Amino acid sequence: MNVLAPVRRDRVVADLPQCFRKEAALHTRPEFHSSVSSACQEQRTGTVGFKISKIIVVGDLAVGKTCLINRFCKDTFDKNYKATIGVDFEMERFEVLGVPFSLQLWDTAGQERFKCIASTYYRGAQAIVIVFDVNDVASLDHTRQWLADALKENDPSNVILFLVGSKKDLSTPAQYSRMEKDALKVAQEMQAEFWAVSSLTGENVRDFFFRVAALTFESSVLAELERGSARRIGDAVRIGSTESDLYLSAPRKKPKCCQ
Ligand SMILES: Nc1nc2c(ncn2[C@@H]2O[C@H](COP(=O)(O)OP(=O)(O)OP(=O)(O)O)[C@@H](O)[C@H]2O)c(=O)[nH]1
Ligand SMILES: [Mg+2]
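Each value, and the rule that gives it
- Residues numbered from 1 in each chain as written.
- Chains lettered and ligands numbered in written order.
- Predicted model: local features only at pLDDT ≥ 70, side-chain atom pairs only at ≥ 80, totals over all residues.
- Heavy atoms only, no water.
- Disulfide = S-S within 2.5 Å.
- Near = heavy atom within 4 Å.
- Polar contact = N/O pair within 3.5 Å; in protein donor to acceptor, adjacent residues only side chain to side chain.
- Areas by Shrake-Rupley, 256 points an atom, 1.4 Å probe, with all protein chains shown as cover.
- 1 Å grid on protein atoms, 1.4 Å probe; cavity = no way out; pocket = protein on both sides within 12 Å on 5 of 7 lines; lining within 4 Å.
- Sits in = over half its atoms within 2 Å of the grid points.
- Helix = DSSP H or I, 4+ residues; strand = E, 2+ residues; numbered from the N terminus.
- Donors = N, O, S within 2.8 Å, 3.2 Å for Na, K, Ca; no water.
- Buried < 20%, exposed > 50% of the residue type's maximum accessible area, 1.4 Å probe, protein only.
- Core = buried A, V, L, I, M, F, W, Y, C linked by side-chain atoms within 4.5 Å.
- Contact = heavy atoms within 4.5 Å.
- pLDDT = per-residue confidence, 0-100.

A few words on the state of the cysteines. Working definition: the covalent bond between the sulfur atoms of two cysteines is a disulfide. A full pass over the atoms with the stated rule returns 0 disulfides. Looking at C73, it has no disulfide partner, and the nearest cysteine sulfur is the one in C67, 12 Å off.

This part covers the site of ligand 1. In the neighbourhood of ligand 1, 23 residues make up the surrounding shell, with K65, D78, Y81, G110 and D169 lying closest. Taking A62, its main chain carries an N or O atom lying 2.9 Å from an oxygen atom of ligand 1. K167 places a polar side-chain atom, nitrogen or oxygen, 3.0 Å from an oxygen atom of ligand 1. For ligand 1, whose free accessible area comes to 660 Å², the fraction covered by protein is 92%. When each cavity is represented as a set of grid points, ligand 1 is found to reside in the largest pocket.

All right, on to the environment of K22 then. Here K22 is to be found in the loop between strand 1 (12–13) and helix 1 (34–41). Each C-alpha atom, one on K22 and one on K82, is 34 Å from the other, the two residues being 60 residues apart in sequence.

It is worth spelling out the coordination of the magnesium ion (ligand 2) at this point. In ideal tetrahedral geometry, four donors around a metal make angles of 109.5 degrees, whereas ideal octahedral geometry with six donors gives angles of 90 or 180 degrees. For the magnesium ion (ligand 2), every protein donor is listed as T66 (OG1) and T84 (OG1), and the spread of their distances is 2.0 Å. Of this pair, T66 sits in helix 2 (residues 65–74) while T84 sits in the loop between helix 2 and strand 3 (87–96), placing them 18 residues apart in sequence. On the accessibility criterion, T66 (26% relative accessible area) is partly exposed.

This part takes up the nonpolar core. Grouped together as the largest cluster of nonpolar side chains are 72 residues, with contacts concentrated most on I128, F162, L163, V164, F194, F208 and F217. Residue contributions to this core peak at 12 residues, all from helix 7 (residues 205–231). Leaving out residues up to four positions away in the same chain, L163 has contacts with I130, F132, L140, T143, A183, V186, A187, M190, A192, E193, F194 and W195.

Attention now moves to the confidence of the model for the protein chain. Per-residue confidence for the protein chain gives a mean pLDDT of 88, with 86% of residues at or over 70. Contacts of residues 230–251 to residues separated by more than four positions or lying in other chains number 28 contacts, the stretch itself having pLDDT below 50. Confidence metrics for the complex model read pTM 0.89 and ipTM 1.00.

Listed below in structure tokens is the structure:
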């Protein structure tokens, strides 16, 4: 991969992509945090533009993790199941508010026998994407365990979480809306942002990854600003106390499911 090549035009994030459901969103602000926008304008984003952010994708076997990544990164869909053995990864380059930003998407195996290999790659994630199949309620139940395992290797106050329901094309609107109620509850309990997608049709796939890129970028810049402000006495970057951001407020409590 040539890191110096310009970012593809369809990977440019100029405005904050919106959440899927406001009931389970990391935040519902219509725009990037103002201190992030001004830091980008003034090119005060520290090392963010040079770093690669790690995103891990976990969940039961055959829920569609690989297909989700392939739909976004390669715009392909394979109807034949080929289990991921251990892990795989894809790199995606974005430009967010004019700053280069790369996501390394780690696609992990859901099969039990590969889990111990996959879990050695969990460490150092900026975001955890937990995938379940919207047509398989057991896979939704298992998301709590997937999260608990991923959080053992990561600092819960420093990662952002997404709960993604896959294979939306296979459910009827009635089945989907019944499942969505349960999924929203799980997402709220985990303090995760909920999305429902179809890798077969592509529904919501691009919007989802743009949201992941934007929120991961935003939290990285805020973390840089906080670190910078700690060094510059009297020049602290204030993060508004009235904001409802989950990842800007007090450190995330351990989700109930992991206690
Ligand atoms: N109809 C439909 N089928 C899907 C969708 N996403 C994945 N599938 C199918 O589900 C099966 C499993 O998909 P994968 O992406 O390989 O599942 P995985 O989660 O990566 O599985 P592991 O690697 O074993 O953990 C394949 O047969 C896919 O074609 C979708 O959005 N719609
Ligand atoms: Mg796979």
